[in-house]
Amino acid sequence: VCSQSPRSISVMGSTGSIGTNTIDLIARNPDLFRVEALTANRNVDLLAKQAIALNAKMAVVADPESYESLKNTLAGTGIEVAAGPEGLLEAAERPSDLVMAAIVGFAGLAPTLAAIKRGATLLLANKEALVCAGDLMMAAAQQSKARILPVDSEHNAIFQVFDFERKSGIEHITLTASGGPFRLFSQDQMKHVTREEALAHPNWVMGEKISVDSASMMNKGLELIEAAYLFGLPENQIKVLIHPQSIIHSMVSYVDGSVLAQLGSPDMRTPIAYALAWPERIKTPVAPLDLARIGQLTFEEPDPERFPALDLARIALNEHKTVIFNAANEVAVEAFLSEKINFISIARFVAEAMGSFPGLEEASLVEIMDLDKEVRYWCYEALKTYLVN
Ligand code: NAD
Ligand code: MG
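Not measured: the values here are computed from a predicted model. The numbers attached to residues start from 1 for each chain and follow its sequence in the written order. Going through the entries in the order they are written, you letter the chains from A and number the ligands from 1. Selection of residues for local features in this predicted model requires a pLDDT of at least 70, selection of side-chain atom pairs for listing and counting requires 80 or more, and totals for whole chains, interfaces and linings are taken over all residues.

A. Geometry of the overall build of the protein. Strands here are runs of E lasting at least two residues and helices are runs of H or I lasting at least four, both read from the DSSP assignment and numbered beginning at the N terminus. Along the protein, the regular secondary structure elements total 17 helices and eleven strands. Computation of the radius of gyration draws on C-alpha atoms alone. For the globule rule, the value is 2.2 Å times the number of residues to the power 0.38. Taking 21 Å as the expected radius of gyration for a compact globule of 389 residues, we find that the protein reaches 20 Å, a close match to that expectation. C-alpha atoms of the protein, sized along the principal axes, occupy 55 × 50 × 40 Å. Taken across its 389 residues, the protein has 45% of its residues classed as buried. Residues are defined as contacting one another if the C-beta atoms placed from their backbone atoms lie within 7 Å. Sequence-distant contacts in the protein: of pairs separated by 6 or more residues, those separated by 24 or more amount to 67%. Three classes are used. A residue is buried when 20 or more other C-beta atoms lie within 10 Å of its own, exposed when 12 or fewer do, and partly exposed in between, with C-beta atoms placed from the backbone.

What follows is the structure in structure tokens.
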């Protein structure tokens, strides 16, 4: 990449866990990247600091109430400012070679789709967008020739060893899962886990929503759906394997018995760097993989009794209920994080939501957004029967 002129990049969700790691790698490679736009929800201080340090052309806050504060903080810098959903769309639509989609949740869908539609190379971390609008996003990418490079470590691993040209040689793929902080907990023990326990992931430091998703294995459910769309595979060709050390990031099994895997230290800067530099590679500060020190890699089957999330994801995919699955999970995670519902209620609540709505096929963005809204509306009523006090 060193010989090429710098590529322009916009980072959606630059203040989050993926966002700050992305900014760190961009800052380490000033000759390779030029920053177009940065966006955040409402962390004005960090957003402004990043925008100034990287000489961004535009900074956007999703929260309209943070607009004045951002404007004042960036006054005199020449950096354009905007806010709200329109501001996010503008950031995604401005010409840039790359767009890092690192907003968390359904809120990232519209800007992510906009970036695909204009043919940008999309570095996809925002899995919820693909879960809710996989058909739409993949079709739009095909039409605009946008490339989608997965940032999620499992999908990034598969992308690195997946023979796209000879797909008939692929038997199945295996997503590995750490099992999260409650891997060895009984159903009963999981009833009483706290917010803090759910947020303490054994191997990864991540945003709050994905940390809870990892503990409930909803994250692996979302990832199963994500993989189905990214790699064009039916649900029955996607397996999940618990691997507590998080060293093998995922695998592709070929019909001749070969299994190709990607390994590395559990550090998101590796998949982010891969997506940033693709098809080249850049150096990262990631700790080198020391297998002798790790000593053992172990594996277990996931337990569908204690972790119903995977089966729910398979049903969601087969019955076209991924929008419902995602919206109910987002509401439930938020309720758990504000200590309104028990941890084990999350999966039960998602199952109830999925049973309460019909599936939605071949939907437009407007139809997907309407269904998301409708499910959330239902959720706030339905959640009442799950409240802890
Ligand atoms: P995070 O909570 O740390 O950061 C989220 C970012 O999105 C922040 O910049 C925040 O300001 C912004 N944001 C939040 N709500 C918003 C809204 N309503 N509108 C616009 N912007 C909003 O989350 P994260 O852990 O960085 O995860 C981001 C995405 O990447 C998620 O979809 C997650 O599943 C995925 N992902 C994360 C990791 C990880 O290690 N953190 C790994 C794989 C995939
Ligand atoms: Mg992952």
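B. Up close: the nonpolar core. Each nonpolar core comprises buried Ala, Val, Leu, Ile, Met, Phe, Trp, Tyr and Cys residues, the members being joined through C-beta atoms within 7 Å. Of all hydrophobic cores here, the largest spans 118 residues; its most connected members are Ala59, Ala101, Leu123 and Ala328. Of all the elements, helix H15 (residues 322-337) adds the most residues to this core, at ten residues. The contacts of Ala328, once residues within four sequence positions are left out, are Phe349, Val350, Ala353, Val375 and Cys379.

C. Main features of the domain arrangement of the protein. Domains are outlined according to an automatic or database domain assignment. Here the protein is described as being made up of domain 1 (7-150), domain 2 (153-266 + 286-303) and domain 3 (319-389). On a C-alpha basis, the centres of domain 1 and domain 2 stand 26 Å from each other. Taken residue by residue, the interface counts twelve residues in domain 1 and 13 residues in domain 2. Elements with a contribution of two residues or more to the side of domain 1 that touches domain 2: helix H6 (127-144) and strand S7 (148-150). Examining the composition of the side of domain 1 that touches domain 2, we find that six residues originate from one element, H6, more than from any other. For the side of domain 1 that touches domain 2, the class distribution of residues is six nonpolar, four polar and two charged. Charged means Asp, Glu, Lys or Arg here, nonpolar means Ala, Val, Leu, Ile, Met, Phe, Trp, Tyr, Cys or Pro, and polar covers whatever is left, Gly included.

D. Structural detail: the UniProt feature "domain: 1-deoxy-D-xylulose 5-phosphate reductoisomerase N-terminal" (unreviewed entry) in the protein. UniProt positions are given in the numbering used here, feature names are shortened, and annotations may be inferred rather than shown by experiment. In the numbering used here, UniProt assigns the feature "domain: 1-deoxy-D-xylulose 5-phosphate reductoisomerase N-terminal" (unreviewed entry) to residues 9-134. Taken as a whole, residues 9-134 contains 44% helix and 22% strand, while its terminal C-alpha atoms sit 23 Å from one another.

E. Fine view of the packing of H6 against helix H11 (residues 218-231). Two elements in contact, H6 and H11, have axes separated by 9 Å at closest approach and are oriented at 20 degrees. By the angle between their directions, the pair H6 and H11 is classed as roughly parallel. Handedness of the H6/H11 crossing: left-handed. Along the contact surface, H6 presents Lys127, Glu128, Leu130, Val131, Gly134 and Met138, while H11 presents Leu222, Glu223, Ile225, Glu226 and Tyr229. Every angle, taken between N-to-C directions, lies between 0 and 180 degrees, and every axis is a line fitted to C-alpha atoms, over only the stretch in contact when it is a helix. By the definition adopted for this analysis, an angle is roughly parallel if under 35 degrees, roughly antiparallel if over 145, roughly perpendicular if from 65 to 115, and oblique otherwise. By definition, any crossing whose near helix is turned counterclockwise from its far helix by less than a right angle is left-handed, and any crossing with a clockwise turn is right-handed.

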